[in-house]
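Geometric and topological summary
Below, each chain spelled out in residue letters.
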Amino acid sequence: MKKLLISSVCLACFVFSVRASASAAGAPLYKNSKASPRERAADLLGRMTVEEKLGQLQQLDGFSEGGYREEHLKMAREGRLGSTLNVRFAGNVNKLQKEAVEHSRLGIPLLFAFDVIHGYRTIFPIPLAEAAQWKPELAEKSAAAAAAEAYAAGLKWTFAPMVDIARDPRWGRIAEGAGEDPYLGAAMAAARVRGFQGDDFAAPGKVMACVKHWAGYGAAEAGRDYNSTDISQTSLRNIYYPPFKAAAAAGAATVMSAFNDLNGVPSSANKSTIDGVLRGDWKFDGFVVSDYTSVQELLAHGLAEDGEDAALKALRAGVDMEMVSTLYRDKIPAALSGKKISLTTLDRSVRRVLEAKFRAGIFEDPYIDPKLETTALKTPRALELAEEAALKSLVLLKNEGGLLPLDPAVKKVAVIGVLAGSRADMLGSWFADGKPEDADTLLEGVRAMVSSGTIVVYSSGCPVNGGTDEDLEKAAAAASGADVIIVAAGESAEMSGEAASRAFLSLPGRQLELLERLKKTGKPVVVVLFNGRPLELGWLDANVPAILEAWYPGVRGGRAVARTIFGLENPGGKLPVTFPRTLGQVPLYYNHRSTGRPPSPSEKYTSRYIDSPTEPLYPFGYGLSYSSFALSGLSLSSGEITPDGAVKVSVDIANLSSRAGDEVVQLYIRDAAGSETRPVRELKGFKRVTLAPGEKKMLEFELGPAELGYYYSGGFAVEPGVFKIYVSTSSAGGLEAVLRVSAR
Ligand code: NOJ
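Note that the structure is a prediction, hence the values are computed from the model and not measured. (Residues numbered from 1 in each chain as written. Predicted model: local features only at pLDDT ≥ 70, side-chain atom pairs only at ≥ 80, totals over all residues. Heavy atoms only, no water.)

Further remarks concern the pattern of salt bridges. All chains considered together, the criterion is met by 45 salt bridges. A salt bridge links Glu52 to Arg105; the nearest nitrogen and oxygen atoms lie 2.7 Å apart. Linking Glu52 in helix α4 (residues 50-56) with Arg105 in the loop between α6 (90-103) and β3 (111-114), this pair joins segments that are 53 residues apart in sequence. Taking the shortest distance from any N to any O, the salt bridge between Lys574 and Glu663 comes out at 2.7 Å. With a gap of 89 residues between them, Lys574 in the loop between α23 (557-565) and β17 (629-636) and Glu663 in strand β20 (residues 661-671) connect regions that are remote in the sequence. Lys574 sits in the buried class, given a relative accessible area of 2%. (Salt bridge = Lys/Arg side-chain N within 4 Å of Asp/Glu carboxyl O. Helix = DSSP H or I, 4+ residues; strand = E, 2+ residues; numbered from the N terminus. Buried < 20%, exposed > 50% of the residue type's maximum accessible area, 1.4 Å probe, protein only.)

Encoded structure:
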């Protein structure tokens with residue numbers, strides 16, 4: 001921010017910057033920018049009253065429109081506020097910041113936080129959609145673009161990435177993460193942290209990341225948000241923790257403790273996960289913020305007797321900052337006097353928060369240049385990136401008879417469905433300061449793509465969650481004279497995200513009836529799905545020739561989908577999550593363990609249903625292309641290694657078609673027998689490659705102890721024995737080889 005301040009901006013900011021550095025010589029150590037964050041924090045801590053310390057641990061909510069509350073000004077002035085969420089825009093941020101920096105006793109700046117989940121103003125596809133890209137380097141770029149915009153609005157901290165593994169599509173927050181797989185999830189988590197923070201989050205345009213929700217929140221029982229979780233230690237280590245570990249290793253500045261109770265201990269008072277795993281095992285040295293009122297909620301959980309008990313349990317567990325509830329501020333002073341908690345425990349948390357503030361550079365550059373709000377948002381580069389992100393996240397689920405791509409010179413196209421004309425729904429559920437008017441619709445995209453002679457008719461069909469017989473008839477009438485019908489179906493944006501769990505996975509409302517009615521016209525139907533979770537698509541799969549999964553694709557989604565439908569682009573995304581046939585199969589995920597009686601359709605006494613297949617409709621890792629690809633030549637550099645050894649896996653991938661396209665080559669292992677049972681497949685590598693028509697490429701992967709080992713109840717080990725190696729284009733089928741790991 002410094003350069004900008006000097007070149008332009010508000011005089012007050014400039015004066016402050018100069019004053020802070022010029023007075024450094026005789027000034028307290030904490031004001032010396034040359035000293036380390038640790039030294040500065042220690043010096044500052046020594047100067048603070050208990051009230052000021054507790055102030056640093058308090059985060060309060062502003063207004064969703066970006067304003068602060070009147071009382072925040074006084075609190076900031078008195079050093080009783082450490083951070084806010086939702087306060088943003090230069091006018092608000094600089095005004096409140098000025099109270100903290102220039103009028104409080106010690107001048108400690110505030111940290112301004114906001115949920116920038118998939119873009120700030122330029123809205124990118126939802127995180128689940130970005131995971132479908134299988135291209136972490138692209139997610140890193142979109143996170144960087146989001147950070148630059150968030151920073152321009154005065155923010156220095158985002159509550160992202162959300163890295164919860166989710167195996168239950170009923171849970172609305174599955175939309176916010178990278179899906180069901182720990183390996184893909186870890187790659188996406190690290191990429192997003194790098195994108196938000198860069199090499200140094202003090203730099204202009206960078207923000208601190210907050211990895212959430214620690215821990216196990218995605219395993220909410222029955223997919224009901226905020227519900228309890230019960231997860232074994234080995235499942236935590238092998239499945240739920242890896243994305244957090246990767247994010248911590250990538251340098252994430254902060255972590256958010258979750259709402260859920262984990263094996264009987266709420267995450268926001270869970271010493272073993274916070275102090276034990278996060279700080280102890282992984283040496284995470286940032287700070288932990290609670291989720292929204294999750295310290296207060298320890299009472300409703302039945303863990304805390306009263307407010308003081310809740311505050312003590314959370315603080316002792318290592319939750320440093322309290323979001324919105326005020327139990328630290330209200331209860332810790334008396335607890336300190338009563339010797340129920342030591343000053344050392346309090347200081348530990350305060351030091352962490354202060355260190356993060358020093359590392360974020362906000363003591364030197366506390367203000368934001370208001371001009372950035374007009375120059376740094378929705379830049380052409382960000383919009384281009386949003387389009388690329390949308391294109392890469394599309395997953396072609398079905399394309400019978402090569403119906404897609406459509407010919408732009410088609411005579412008449414019917415576009416049906418309220419989602420085809422909706423801007424707001426393209427943004428998804430967590431769209432920060434995105435504006436519906438920034439988004440283009442599928443209908444606009446189609447109109448822009450077809451030839452000048454093509455007639456495009458539109459009918460909104462039925463509302464997502466309702467509709468009358470008349471709506472259905474109107475839509476059918478509009479479609480009847482068309483050569484092809486494009487139907488936008490799915491969920492409205494608010495049906496995904498926080499507090500949006502569903503007990504059904506069917507297309508809501510009368511959409512299925514609408515599709516049945518449209519099928520009766522006898523015209524070919526292309527379904528474009530807008531949704532934030534796997535849906536039950538059995539009827540569609542059996543009755544509709546082409547299905548394209550578009551998720552909530554962001555501001556450039558409409559055109560990205562249209563360009564793909566009409567063949568200017570070739571879809572290449574893959575599912576980051578299993579699509580079940582029916583709700584009754586849930587939870588259904590590819591990396592399940594085997595049973596003693598694996599399912600067999602012909603054997604009654606096996607692990608199966610009597611009324612449904614056990615396999616998913618579309619497996620994890622699945623997705624089609626307009627091109628066709630073939631894998632061949634799988635080979636291992638060695639058929640046998642020792643537990644500390646590594647093996648190279650190589651394979652050829654060829655594009656057999658006359659169209660350039662992307663394929664995601666996926667490497668899986670199966671540890672055939674272990675001292676504890678192992679999943680039937682585990683993803684351990686992937687590469688998304690673009691191949692020209694007829695092109696063939698050799699790809700290489702490496703499998704070493706990190707990939708072959710696993711956490712069992714006694715620790716982490718690569719166990720001698722047979723490993724099956726699969727290279728495939730989804731989690732089902734593919735080429736197979738055998739690797740033997742022999743004892744040293
Ligand atoms: C509650 C959500 O669980 C969390 O993800 C979010 O960051 C906070 N609210 C703040 O908005």
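For the structure on display, the rule yields 22 aromatic pairs. Taken together, a centroid distance of 6.1 Å and an interplanar angle of 85° make the contact between Tyr183 and Phe686 edge-to-face. Here Phe686 lies in strand β21 (residues 682-691) and Tyr183 lies in helix α9 (residues 182-197), a separation of 503 residues in the sequence. Judged by relative accessible area, Phe686 falls into the buried class, the value being 13%. A cation over an aromatic ring shows up here: Lys604 above the ring of Tyr605, its NZ or CZ 5.7 Å from the ring centre. (Phe/Tyr/Trp six-rings, centres within 6.5 Å; stacked < 30°, edge-to-face > 60°. Lys NZ or Arg CZ within 6 Å of the ring centre and 35° of its normal.)

Before going further, it helps to spend a moment on the sheet that holds strand β22 (residues 696-703). The three strands are arranged β17-β19-β22 in an open sheet whose pairing can be described as antiparallel. Whereas interior strands pair on both sides, the edge strands pair on one side only; in this sheet they are β17 and β22. Pairs of neighbouring strands in the sheet enclose a mean axial angle of 20°, with direction left out of account. (Pairing = 2+ DSSP bridges. Axes fitted to C-alpha atoms, helices over the stretch in contact; angles between N-to-C directions.)

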